[in-house]
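# Structural characterization, general
The chain contents come next:
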Amino acid sequence: MTTPSKTEKKLLHYTGKAIADYNMIQRGDRVMVCLSGGKDSFTMLKILNLLRQRSGNKFEIFAFTLDQAQPGWNDKALRAWLDTAKIPHEILTRDTYSIVMDKIPEGNTYCGLCSRLRRGIIYRYAAERGFTKIALGHHRDDLIRTLFMSILYNGDIRSMPPKLLTDDKKHIVIRPLVYCQEKDIINYAAENAFPIIPCNLCGSQENLARQRVKVLIDGLTKENPKVPSNILHALSAVRPSQLMDDKLWDFKNLEASRVGMEELSLVENEEPF
């Protein structure tokens, strides 16, 4: 067995910590690992496989890749990599590319419809084969950029939870890389020479808003290296009483919940505001 690199040790540590902190994987789980062909999903798959081996096979992993029939798609190297790694897998072909190109006007963003179609196929596949968890490869920087995107461009506060029960309550989605930094994933992908498959659909459109958010956070990080970790921590340190959501607090009638109402009699003769 080869000696793990410094980067691999770091990724193993933070992935293991995330799994433990959020109880992502239990004994006997059958984890469907969504392998898109990108650096993040390759890293997640390899790290989860190493953790599975270290656990004494207390859980199973299965790699699922969706071929969306994009022009130029070539999974020959990906198939060879999976065979060499001896990881059970399936590459399923479904032509969502034609649907997206037909429904979305030229110049508009494809990602929304593309992700909805992909998600539906993933959930259906997991249900039909009895997988207990669905693993996605979003990392720390995805979470904090999504939070900023939501605040700046959508006007709400949301990101990506590390563990999610789907709306129909049929699936649990996990994100084991939520503590892992993108720079470490980039280094790890290079170390392992993963056979990356580029997304020609999304790659053909630069997401300018997300890129601006990345530049913003990177600039703040140069001034204070703790900025990314502080933003990530903020996602788990929400203080609802310090926000303005009237679905959380009945602001109009807070007075009725005040303790020590008898003390108000001392100032009952004061003019109302």
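Structure report, in brief. Small disclaimer: the values here were computed from a predicted structure and weren't measured. In this convention, every chain numbers its residues from 1, walking through the sequence in written order. Selection of residues for local features in this predicted model requires a pLDDT of at least 70, selection of side-chain atom pairs for listing and counting requires 80 or more, and totals for whole chains, interfaces and linings are taken over all residues. The side-chain quantities take in all heavy atoms of the structure and omit both hydrogens and water.

### Here's the deal with the overall build of the protein chain
The helix and strand inventory of the protein chain stands at ten helices and six strands. Burial classes follow relative accessibility: with a 1.4 Å probe on protein chains only, a residue under 20% of its type's maximum area counts as buried, one over 50% as exposed, and anything between as partly exposed. By the burial criterion, 38% of the 273 residues in the protein chain qualify as buried. Residue contacts are counted whenever heavy atoms from the two residues lie within 4.5 Å of one another. Look at the contacts in the protein chain between residues 6 or more apart in sequence, and 76% of them connect residues 24 or more apart. Within the structure as shown, the protein chain displays about 16900 Å² of accessible surface, and the carbon and sulfur contribution to it stands at 53%. A run of H or I in DSSP counts as a helix once it spans at least four residues, and a run of E counts as a strand once it spans at least two, with each numbered from the N terminus. Note that accessible areas follow from Shrake-Rupley with a 1.4 Å probe, and for residues the cover is restricted to the protein chains shown.

### Focus: the environment of M149
Here M149 shows up in helix α6 (residues 140–154). Given a relative accessible area of 15%, M149 falls into the buried group. Along the primary structure M149 and V213 are separated by 64 residues, whereas in three dimensions their C-alpha atoms are 6.9 Å apart.

### Some details on the environment of F194
By the element assignment, F194 lies in the loop between α7 (182–192) and α8 (200–203). Classification of F194 as buried rests on a relative accessible area of 6%. Between the alpha carbons of F194 and W81 there is a distance of 8.1 Å; along the sequence they are 113 residues apart.

### Overview of the sheet that holds strand β4 (residues 133–135)
Taken in spatial order, the six strands line up as β3-β2-β1-β4-β6-β5 in an open sheet, and their pairing is mixed. Strands at the two margins of the open sheet, each flanked by one partner only, are β3 (89–93) and β5 (163–165). Strand-to-strand, the axes of this sheet are offset by a mean angle of 25 degrees, without reference to chain direction. The pairing of strand β2 (residues 60–67) with β3 spans five bridges and is classified as parallel. The residue bridging T65 from the neighbouring strand is I91, located in β3. To get an axis, a line is fitted to the C-alpha atoms, and for a helix only the part in contact is used. The angle between two axes follows their N-to-C directions and goes from 0 to 180 degrees. Helix-sheet contacts for helix α3 (residues 76–85) involve β2 and β3, and the interaxial angle to β3 is about 160 degrees. One bridge is not enough; two strands pair if DSSP finds at least two bridges between them.

### Quick look at a nonpolar patch on the surface
Within the patch definition used here, like charges are joined within 9 Å and nonpolar side chains (Val, Leu, Ile, Met, Phe, Trp, Tyr) within 5 Å, considering only residues with over 30% relative accessible area and no salt bridge. What counts as a salt bridge is simple: a side-chain nitrogen of Lys or Arg found within 4 Å of a carboxyl oxygen of Asp or Glu. A cluster of nonpolar side chains, contributed by I151, L152, Y153, I157, L216, L220, V238 and L243, occupies part of the molecular surface with about 730 Å² of accessible area. Of all the secondary structure elements, the ones that give two or more residues to the nonpolar patch are α6 and α9 (208–223). Take the nonpolar patch: its biggest share by element is three residues, from α6. With respect to the helices and strands, the residue I151 is situated in helix α6.

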